[in-house]
Amino acid sequence: MTITIEPFIGSVFSHQSQALFPKVPHEPLTSPFFRTAFTPSAGPTLLIDEINSKSHRYPDLCHVCQPCVRYWDLPNVGDKTHLSFFEMVACSSFLPNGRWTTMEHIFKFLTTTCSIPPDRFWATRFGGGNVLGCGPFPEDTVAIDILHHLDIPDSRIVDVAGVEGFVANSMEPIGGYRCELYVDLGTQNLTCNQCLPGLCTCGRFLELVTSVAYEFEVLNRDSLYSISPLPKQFMHATGFGVERLESILEGSGIIHHTPRFRHLMPFVNQIISGFSLTYPDQIRLVDTLCALLFLHADGATTLSGKSNRSRRWVLNKWIKQARSFHSRGVSILPLLDEIKRWYSPRYAHIQDADTSLLLQLVHAQQYN
Ligand SMILES: [Zn+2]
């Protein structure tokens, strides 16, 4: 299936879900909740905001379409499944049965609107045990009940341990049980030894949906973690990567066979004429400039002071990448402006981003 509808999956989802899960504004990439990095997912920010504000600010059910950046995926960009900049749609619930509601809603969207056959879904869930030296935590039986309710049988559910099945890290002050849905792309390589979600190395399974029960406080003191139940508020969030879904609907499962890249690659070809840039490098160029443009628009390039040292270190990873293209003679300004035109209809704040200033920053080697 080629996606011809505009605007794309995130907006289709928003349109359909507005009644049950009203849309709330996305966080800037410089969200104060991720002090050592930039917003990496759509899940936790609402709950952290609720806890910090000490009042109930969001509807009990809501959804968000969130631009995300992940510096740790930069080395993987150019492969079939990773980007350092992407959009994530997530449904959140502050109600006790929110895991059921959010997972059911998104599963229904994927299997009806998107027509992904239900029997192509596999799942992972936390099988019990310690997480980052804390615990032990019991196995996630709620996930099993929900997956059975979605008609995903035990034969397509894989138990995982540790942080594969439980969100806990140094960036987010909250976490909890993680359940993921994978789509079987039907491309099994017979040499794959453990062809199961989370273990497979042949590319048969594409991780699409992540559902997290944010029920725990996660504290990290010099890599010594403590994980304890949140006293009052909790939240359940279930989300999917927009580009990953587009790639599945396109039939390839390849994350740059999607509308964004199909639109931008002709511009890349124009500005690199005369240069030898490999195809994965061209993907890296687009991905890097998308990330930088959104980071710049959200104020990441003006962060200063000791408290932002870690974030400047992270930002520098994209700046360096852009500089490597710039120093090879690639004219990045026209591409930045085209990316701006591409995203402006859905993210109005991008229109104000000064791309010339961004180019100066890349050129100036300020971030060394
Ligand atoms: Zn495999």
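Here, the structure is the one placed above.
In this structure, what is going on with the overall build of the protein? I would like to understand it.
Per the secondary structure count, the protein includes 10 helices and 11 strands. Its C-alpha atoms give the protein a radius of gyration of 20 Å, within 12% of the compact-globule value 21 Å for 368 residues. For the protein, the spread of C-alpha atoms along the three principal axes comes to 55 × 50 × 40 Å. Intrachain contacts of the protein at a sequence separation of at least 6 include 72% that bridge at least 24 residues. Of the roughly 15900 Å² of accessible surface on the protein, 52% is carried by carbon and sulfur atoms. Side-chain charges in the protein split into 30 positive and 34 negative, and the spacing between the mean points of these groups amounts to 7 Å.

Quick question: what am I supposed to make of the coordination of the zinc ion here?
For a metal with four tetrahedral donors the ideal donor-metal-donor angle is 109.5 degrees, while six octahedral donors give ideal angles of 90 or 180 degrees. Ligation of the zinc ion by protein atoms is provided by Cys192 (SG), Cys195 (SG), Cys200 (SG) and Cys202 (SG), these donors lying 2.2 to 2.4 Å from the ion. Metal-centred angles of 98 to 118° between the 4 donor atoms at the zinc ion mark the site as tetrahedral. Sequence spacing of the donor residues for the zinc ion, all on one chain, is C-x2-C-x4-C-x1-C.

I tried to follow unusual backbone geometry on my own but got confused; where do I start?
As a rule of thumb, non-glycine residues mostly have phi less than zero, and peptide bonds are mostly trans rather than cis. A cis amide bond links glycine 135 with the next residue in sequence, proline 136, at an omega value of 10°. Note that proline 136 resides in strand β5 (residues 134-137). The residue leucine 132 is not glycine, and still its phi comes out positive at about 50°. Following the sequence through the fold, leucine 132 ends up in the loop between β4 (129-131) and β5. Classification of leucine 132 by relative accessible area gives partly exposed; the value is 36%.

Is there a simple way to explain empty space enclosed by the protein in this structure?
If you roll a probe as big as a water molecule over the atoms, it shows you where there is empty space left. Per the counting criterion, the structure on display carries 1 cavity of 30 Å³ or more. Empty space within the largest cavity amounts to approximately 80 Å³. Looking at the largest cavity, the residues that line it are Phe8, Ile9, Gly10, Cys65, Glu87, Val242, Glu243, Glu246, Arg260, Trp342, Tyr343 and Arg346. Elements supplying a minimum of two residues to the lining of the largest cavity: α1 (9-17), α5 (242-250) and α9 (333-343). Ranked by residues supplied to the lining of the largest cavity, first place goes to α5 with 3 residues. Residue classes in the lining of the largest cavity are distributed as 6 nonpolar, 1 polar and 5 charged.

Explain the nonpolar core to me, please; I cannot follow it from the model alone.
Nonpolar side chains in soluble globular proteins tend to be buried together. Phe38, Leu110, Ile116, Phe240, Leu245 and Leu285 are the most contacted members of the largest nonpolar core, which has 81 residues in total. Ranked by residues supplied to this core, first place goes to helix α7 (residues 279-297) with 10 residues. Leu47, Val64, Ala90 and Val212 belong to the second largest nonpolar core, which has 24 residues in total.

Even after reading the chapter, I still don't get the pattern of salt bridges, so can you show me in this structure?
It is possible for side chains of opposite charge to pair when their charged atoms get near one another. One pass over the structure, following the stated rule, counts 12 salt bridges. Put simply, glutamate 243 and arginine 260 hold a salt bridge, and the shortest N to O gap is 2.9 Å. Residue glutamate 243 is found in helix α5, and its partner arginine 260 is found in helix α6 (residues 259-271); the two are separated by 17 residues along the sequence. Assigned by exposure class, glutamate 243 and arginine 260 land together as buried. It is possible to trace a salt-bridge network through shared partners that takes in Arg125, Glu139 and Asp159.

Please explain the layout of surface pockets as it appears in this structure.
Space inside the second largest pocket adds up to approximately 410 Å³. As for the second largest pocket, its lining consists of 18 residues, of which Arg35, Met171, Glu172, Pro173 and Val218 are closest to the centre. Elements supplying a minimum of two residues to the lining of the second largest pocket: α2 (45-53) and β9 (205-221). Of the residues in the lining of the second largest pocket, the class split is 10 nonpolar, 5 polar and 3 charged.

Is there a simple way to explain α7 in this structure?
A turn of α-helix holds 3.6 residues, and therefore any two residues three or four places apart point the same way. The terminal C-alpha atoms of α7, which comprises 19 residues, lie 27 Å apart, in line with the 27 Å expected from a rise of 1.5 Å per residue. With 15 of 19 residues buried, α7 is to be regarded as a mostly interior element. Of the residues trailing α7, glycine 299 is marked for its positive phi of about 90°.

Rules behind the numbers
Counting of residues starts from 1 at the beginning of each chain's written sequence and follows it residue by residue. Predicted model: local features are reported for residues with pLDDT of at least 70 only, side-chain atom pairs are reported and counted for 80 or more only, and whole-chain, interface and lining totals are derived from all residues. Side-chain calculation: all heavy atoms of the structure are included, whereas hydrogens and water are not. Secondary structure elements follow DSSP: runs of H or I of four or more residues count as helices, runs of E of two or more count as strands, with numbering from the N terminus. With the radius of gyration taken over C-alpha atoms, the globule rule is written as 2.2 Å times the number of residues to the power 0.38. Pairs of residues are marked as contacts when any of their non-hydrogen atoms sit within 4.5 Å. Computed by Shrake-Rupley with a 1.4 Å probe, the accessible areas treat only the displayed protein chains as cover when residues are assessed. For the purpose of charge, His is not counted, nor are the chain termini; Lys and Arg are scored as positive and Asp and Glu as negative. All charge positions are set by atom: Lys at NZ, Arg at CZ, Asp at CG, Glu at CD. Here the term donor refers to an N, O or S atom within 2.8 Å of the metal (or 3.2 Å for Na, K and Ca), and because water is left out of the atoms, sites may appear incomplete. Only two sets of limits are used to name each site, 85 to 135 degrees for every angle of a tetrahedral four-donor site, and over 155 degrees for opposite donors with all other angles from 65 to 115 for a square planar four-donor or octahedral six-donor site, with any other site named irregular. Partly exposed describes any residue whose relative accessible area lies between the buried limit of under 20% and the exposed limit of over 50%, with all areas from a 1.4 Å probe on protein chains only and scaled to the type maximum. A 1.4 Å probe that fits but cannot get out identifies a cavity on a 1 Å grid over protein atoms alone, an open set with protein on both sides within 12 Å along at least five of seven lines counts as a pocket, and a residue lines either if it has an atom within 4 Å of a point. Grid points are joined across faces, edges and corners, and a volume is the space filled by probe spheres set on the points. In this classification, Asp, Glu, Lys and Arg are treated as charged, Ala, Val, Leu, Ile, Met, Phe, Trp, Tyr, Cys and Pro as nonpolar, and every other residue, Gly included, as polar. In this description, a nonpolar core means a group of buried Ala, Val, Leu, Ile, Met, Phe, Trp, Tyr and Cys residues linked to one another through side-chain atoms lying within 4.5 Å. We define a salt bridge as a contact between a side-chain nitrogen of Lys or Arg and a carboxyl oxygen of Asp or Glu at a distance within 4 Å. Here, expected helix span is obtained from the residue count minus one, scaled by 1.5 Å.

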